[in-house]
Amino acid sequence: MSERLQPHAAALSRRSFLVTLGGAGIAVAFGGLASVARAAAEVATAGGLAPNAWVTIEADGTVNLISPAVEMGQGVKTALPLLIAEDMDADWEKVRIIQAPSDAETYGNPGFYGIQLTGGSETVRGYYSLLRLAGAQTRKVLLAGAAAQLGLPVSELATEPGRVVHAGSGRSLSYGQIAATGLLPDPLPQASEADLKPAAQWRYIGRHDVDRVDVPSKVDGSARFGIDVDLPGMLHGAVLRPPVPGERPERIDDEAARAVKGIVGIVPLPYGVGILGESTDAVRRAKDALVVTWSTASRVRRYESAALADAYRDVGRDLSRTGVPARAEGNAPAAIAGAARVIVADYLTDHVHHATMEPMNATARVSGDTVEVWAPTQGPTATQRFAAAAAGTTPDKVTVHATLLGGGFGRRAEEDFITDAVRLAKEVEGRPVKVVWSREDDVRHGKYRPLAAQHVEVGLDGSGNIVGWRHRVVADSIFARTLPQLFQSEGGLDTVVTDGTLFNYRVPAHLVEFIRQDSGRDVGFWRGVGYGQNNFGVECTLDEIAAARGDDPVALRLELLSGQPRAQKVIEAVAALADWRRPREGRALGLAYTDAFGAHCAEVVEVSLDRESGEIRLHEVWCVVDPGVAVQPRNIEAQITGAIVFGASHALYEQINIVAGEVQEGNFDTYRILRMSEMPRIHVTVTPTPENKPAGIGEVGLPPIGPAIANAVARLTGGVRLRHYPFLPERVKAALAG
């Protein structure tokens, strides 16, 4: 099991504890008896029933289900309540979904340290057992209530969607009729894993015809994102940041800015200059009119991304620079030293930006020591802390209203856009302030994926068998900034930056090292994180090994995955779908695989290459994914498709260039992304294995696409290897020239 899954593994232990302790465990899992009692009292007043903190049933049969994670296009507002509905036998047509309040004690994710944070492909798999148990407990409460009303033993009753039925007499009660009494059994029935439905009895899980609840409002325009928040008396705000992070305003000439009609105030901040006004247009014009002299002390001024890429590659090659081991199985250096042949390769990945459709934004209101925040945030728990720090209060005094998110990808787990709104709102207590970043601010002040270098050495014996694999990852740390205690407890290992290096291929000796760099620039989580960069090194190296052995890339992977039927099956299936052995005129196929986030995903691409211009054209992609339990197969297809597009875009085009500490890109005219006219045909096949727990899905389609493209180019060109993301035309031409 990879380090990435440690929090999830801890959560599984906790769930086992809950199951073992029966009813007492259920009380803990569902927010405690106090929260159940509060919910029950509130609903009983209105003529309904609250079996636990996740479910309330009204007298008319409406079932209110809590969705504890935020919706950012990945479908969790449907998938998570669906898990509760499944095991309580709810009538989905009568379900109403309510976004959870900011309350980590009750609604925190067991797979993410018990906090409310949506990301890391941990949402469905983190909440899966907990929410199904909530549904099972609700069903037991309803059966007990029906038994009392009908004067029948519970053992003679069964449930259908929205009803409890007695087959012997034909009598039945709707959930609304049971809820109308407002009575909970005392004690509450226990629920355990044994009470969960077997896969053969699922009504909703795995169906293709359960539509996502968030889509209709997005189609008709009624959906409300953070950027749509509009409150009475609301002011608008903006923040002018320095072009180089870490600098401060030394002198502010705001005369012209204050003269803009509708400007309420100019606010010096430790990291920039804030503007408050009556309209978005006013604050943006005032922002443009500011003349600021910035300090020149930040060490980020020395940051040159192109030079650092070369420097990081040199660090990776220098084996005297030891790193923190992420895996040390056998003696890989000794095995490689004694090998008949050694494959050596370096891989570079540039900074990439999140490029969410909705730019960063938040709205805040500060009243005394209390704060309200309306934001498209991935982390309500962290937002409480961020807002409290900015307002000078405590997290329990902060209420977070999580809106829909116009894309997240890790960027909306950050602090900066929340702090902007709260700091400015503090200047006008009692009035809400909405801050919307410009696209240029969004691009230039991002928390990019780390620039990274990988140095890979693989030793082969005389028969071409792998005897040792050494993998060195050189990059700045994400966890050192975002989770410093975890980073320190791991001895300086950043497990998210090294994700993807701890593969499931069978090698006798395997050493993975993290060599941390500290450039001074913040780096952050990005879709796929370490898998997105490190799968590049792993999968391209495998193809080099196959070529050195004279083997087919498919055959080599199947050999190295012996004993892992789920992995082998997706590779065999995708090869069959793509007709792997059929030659293509002027085109070639490439393959890559990943076991990211507990899934098994294999992709084959078909590409062509214009040797004169260096342009790679991606024509077609085939993907087979085994997600374990497929809660919503159609949504999995959509998630994989989106990740393939995201991954192809970053492999072919996307990069952030930093010169003297300043980001050179500012909008989509300079930050190049895949365009609609460049979209390949994409075929996704979902092969569920319901006997397994659900895997993470939102990111798993991304890691294989880049190495598959590189491997296809190598097959097309007789072995020319691309080793630097993105595959810009000039880089391709340089590789072709040797």
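Bear in mind that the values here come from a model prediction, so they are computed numbers and not experimental data.

Colleague: Explain the overall build of the chain to me, using residue names and the numbers behind them.
Modeller: The helix and strand inventory of the chain stands at 23 helices and 28 strands. Relative to the globule expectation of 27 Å for 738 residues, the C-alpha radius of gyration of the chain, 27 Å, shows essentially globular dimensions. Along the first, second and third principal axes, the C-alpha atoms of the chain reach 85 × 70 × 45 Å. In the chain, buried positions account for 60% of the 738 residues. Residue pairs at least 24 apart in sequence account for 74% of intrachain contacts in the chain once pairs closer than 6 positions are excluded. Split by element, the accessible area of the chain, about 27400 Å² in all, is 51% carbon and sulfur.

Colleague: How would you summarise the pattern of salt bridges if you had to cite specific residues and measurements?
Modeller: Evaluated as defined, the whole model comprises 43 salt bridges. The shortest N-O distance in the salt bridge between Arg207 and Asp209 comes to 2.8 Å. Notably, a salt bridge pairs Arg587 with Glu606, separated by 2.8 Å at the nearest N-O pair. With a gap of 19 residues between them, Arg587 in the loop between α20 (565-577) and β22 (588-594) and Glu606 in strand β23 (residues 600-610) connect regions that are remote in the sequence. Beyond isolated ion pairs, a larger network of salt bridges with shared partners links Glu71, Arg212, Asp214 and Lys218.

Colleague: A description of the packing of aromatic side chains should follow, citing residues and the corresponding values.
Modeller: Applying the stated criterion across every chain, the model contains 15 aromatic pairs. Centroid distance Phe112 to Tyr113: 6.0 Å. Interplanar angle 50°. Geometry classified as tilted. With relative accessibility at 45%, the residue Tyr113 sits in the partly exposed group. Taken together, a centroid distance of 6.0 Å and an interplanar angle of 70° make the contact between Tyr505 and Tyr593 edge-to-face. Here Tyr593 lies in strand β22 and Tyr505 lies in the loop between α17 (484-489) and β21 (510-517), a separation of 88 residues in the sequence. Pair check on accessibility: Tyr505 and Tyr593 agree, each one buried. Of note, Arg449 hangs over the ring of Trp526, and the distance from its end group to the ring centre comes to 4.9 Å. The lysine or arginine in question, Arg527, covers the ring of Phe646, its NZ or CZ lying 5.2 Å from the ring centre.

Colleague: Report on the sheet that holds strand β2 (residues 55-58), specifying residues and quantitative values.
Modeller: The four strands lie next to each other as β1-β2-β3-β4, forming an open sheet whose pairing is mixed. Edge positions in the sheet fall to β1 (48-52) and β4 (95-99), since each of these pairs with one other strand and no more. Taken over all neighbouring pairs, the strand axes of this sheet differ in orientation by 25° on average, direction set aside. Of the pairings in the sheet, the one linking β2 to strand β3 (residues 63-67) comprises three bridges and is antiparallel in character. Its bridge partner being in β3, Thr56 is matched across the sheet by Asn64. Helix α6 (residues 123-150) contacts β1 and β2 of the sheet and is inclined by roughly 135° relative to β1.

Conventions we followed
Numbers given for residues are sequential positions, taken from 1 along each chain in its written order. With pLDDT at 70 or above as the cut-off, local features in this predicted model cover only qualifying residues; side-chain atom pairs require 80 or more to be listed or tallied, and sums for whole chains, interfaces and linings still use all residues. Heavy atoms throughout the structure, all of them, feed into the side-chain values; hydrogens and water do not. Helix and strand assignments follow DSSP, with helices taken as H or I runs no shorter than four residues and strands as E runs no shorter than two, numbered in order from the N terminus. Only the C-alpha atoms count toward the radius of gyration. The rule for a globule is 2.2 Å times the residue count to the power 0.38. Exposure classes here rest on a 1.4 Å probe applied to the protein chains alone. A residue is buried below 20% of its type maximum, exposed above 50%, and partly exposed in between. Residue contacts are counted whenever heavy atoms from the two residues lie within 4.5 Å of one another. Computed with the Shrake-Rupley method and a 1.4 Å probe, the accessible areas treat only the protein chains shown as cover for residues. What counts as a salt bridge is simple: a side-chain nitrogen of Lys or Arg found within 4 Å of a carboxyl oxygen of Asp or Glu. Stacked, edge-to-face and tilted are the three classes for Phe, Tyr and Trp ring pairs, Trp counted by its six-membered ring, which pair at centre distances within 6.5 Å; planes under 30 degrees apart are stacked, over 60 edge-to-face, the rest tilted. Working rule: Lys NZ or Arg CZ, within 6 Å of ring centre, within 35 degrees of ring normal, means a charge sits over the ring. Following DSSP output, two strands are said to pair if at least two bridges run between them. The axes used here are C-alpha line fits, helices contributing only the stretch in contact, and every angle between their N-to-C directions lies in the interval 0 to 180 degrees.

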